[in-house]
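Here is how the chains run, residue by residue.
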Amino acid sequence: MLFRSDRFLLKVDMPYPPEGVLDTILERTTGERLYVAPQVLDPEAILNLQRLTRAVPMATHVRSLVVRLALATQPGDAGTAEAVNRYVRFGVTPRGAQSLIVAAKAHALMDGRFNVAVKDLRAVLRPALRHRFRLNFEGVADGVDAEDLLEEVFQRVVAESEA
């Protein structure tokens, strides 16, 4: 296999479907007629899109921002924010950082650009990392929102990089 896959690259929150959509889902999945979704891409096209995505350039300073973000989410690391030290059990791992970069590259392509910008990292931050950043018991008990904390750490790292 050309690319190592991550079956959970993103965690996208989906709202419960409205009445009409739910009705269509039920009709297509429980009726006598089997609904078959049309094929949009063949395997070779998917591999080509993977190659194209990985080929999207990322400036060193943008990749360094991802490195600093991952480190800033680690409790006990030098310079880690008080809230991270107090409330985080598991910060972003190298695999999480990889996910953020690959998702940002794909976002840049879908936005019609062939380079990754900070705005691409920001756009995919939550879907790429929400399942890779865990609060500890105290964080959960105090009602801390893990995604909001992740966003705060990201904003701080970006601000520090621009200073």
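Calculation notes
Residues numbered from 1 in each chain as written. Predicted model: local features only at pLDDT ≥ 70, side-chain atom pairs only at ≥ 80, totals over all residues. Heavy atoms only, no water. Helix = DSSP H or I, 4+ residues; strand = E, 2+ residues; numbered from the N terminus. Rg over C-alpha atoms; globule rule 2.2 N^0.38 Å. Contact = heavy atoms within 4.5 Å. Core = buried A, V, L, I, M, F, W, Y, C linked by side-chain atoms within 4.5 Å. Buried < 20%, exposed > 50% of the residue type's maximum accessible area, 1.4 Å probe, protein only. Phe/Tyr/Trp six-rings, centres within 6.5 Å; stacked < 30°, edge-to-face > 60°. Lys NZ or Arg CZ within 6 Å of the ring centre and 35° of its normal. Axes fitted to C-alpha atoms, helices over the stretch in contact; angles between N-to-C directions. Parallel < 35°, antiparallel > 145°, perpendicular 65-115°, else oblique. Nonpolar A, V, L, I, M, F, W, Y, C, P; charged D, E, K, R; others polar. Left-handed = near helix turned anticlockwise from the far one by under 90°. Patch = residues over 30% accessible without salt bridge, like charges linked within 9 Å, V, L, I, M, F, W, Y side chains within 5 Å. Areas by Shrake-Rupley, 256 points an atom, 1.4 Å probe, with all protein chains shown as cover. Salt bridge = Lys/Arg side-chain N within 4 Å of Asp/Glu carboxyl O.

**With respect to the overall build of the chain**
Part 1 of the argument: Scanning the chain from N- to C-terminus turns up 8 helices and 2 strands.
Part 2 of the argument: The helix and strand sequence of the chain, counted from the amino end, reads α-α-α-α-β-α-α-β-α-α.
Part 3 of the argument: A compact globule built from 163 residues should have a C-alpha radius of gyration of about 15 Å, whereas the chain, at 19 Å, is more than 25% larger.
Part 4 of the argument: Of all intrachain contacts in the chain linking residues separated by at least 6 positions in sequence, the fraction that spans at least 24 positions is 71%.

**Remarks on the nonpolar core**
Part 1 of the argument: Of all hydrophobic cores here, the largest spans 31 residues; its most connected members are Leu100, Leu121 and Leu129.
Part 2 of the argument: Mapped by element, the contributors of at least two residues to this core are helix 3 (60-72), helix 4 (82-87), helix 5 (94-110), helix 6 (118-129) and helix 8 (146-162).
Part 3 of the argument: Here leucine 129 is in contact with Leu69, Val92, Gly96, Leu100 and Leu150, once residues within four sequence places are set aside.

**A few points about the packing of aromatic side chains**
Here a ring pair, both rings aromatic, is described through the centre-centre distance and the interplanar angle of the planes.
Part 1 of the argument: Tallied over the entire structure, the rule returns 0 aromatic pairs.
Part 2 of the argument: Between the NZ or CZ atom of arginine 28 and the centre of the ring of tyrosine 35, over which it lies, the distance is 4.2 Å.

**Overview of the packing of helix 2 (residues 43-55) against helix 5**
Part 1 of the argument: Across the interface, helix 2 lies against helix 5 with an axial gap of 8 Å and an inter-helix angle of 100°. Overall, the two elements helix 2 and helix 5 adopt an arrangement that is roughly perpendicular. Here helix 2 contributes Leu52, Thr53 and Arg54 to the contact with helix 5, which in turn contributes Val102, Lys105, Ala106 and Leu109.
Part 2 of the argument: Grouping the amino acids of the contact of helix 2 with helix 5 by side-chain chemistry returns 4 nonpolar, 1 polar and 2 charged.

**Examining the packing of helix 3 against helix 6**
Part 1 of the argument: Relative to each other, helix 3 and helix 6 sit at 35°, their axes nearing to 11 Å. Both helix 3 and helix 6 take part in a crossing whose hand is right-handed. Between helix 3 and helix 6, the residues in contact are Val62, Leu65, Val66 and Leu69 and Val118, Leu121, Leu125 and Leu129, respectively.
Part 2 of the argument: Residue composition of the contact of helix 3 with helix 6, grouped by class: 8 nonpolar, no polar and no charged.

**Structural notes on the environment of proline 57**
Part 1 of the argument: With respect to the element layout, proline 57 can be found in the loop between helix 2 and helix 3.
Part 2 of the argument: Overall, the relative accessible area of 39% leaves proline 57 in the partly exposed class.
Part 3 of the argument: Residues proline 57 and alanine 81, 24 residues apart in the sequence, show an inter-C-alpha distance of 30 Å.
Part 4 of the argument: Not counting chain neighbours up to four residues away, the residues in contact with proline 57 comprise Phe114, Asn115 and Val116.

**Comments concerning a nonpolar patch on the surface**
Part 1 of the argument: Together, Val40, Leu41, Ile46, Leu49, Leu52 and Phe114 make up a nonpolar patch on the protein surface, roughly 550 Å² of accessible area in all.
Part 2 of the argument: The topology assignment puts isoleucine 46 in helix 2.
Part 3 of the argument: Isoleucine 46 sits in the partly exposed class, given a relative accessible area of 40%.

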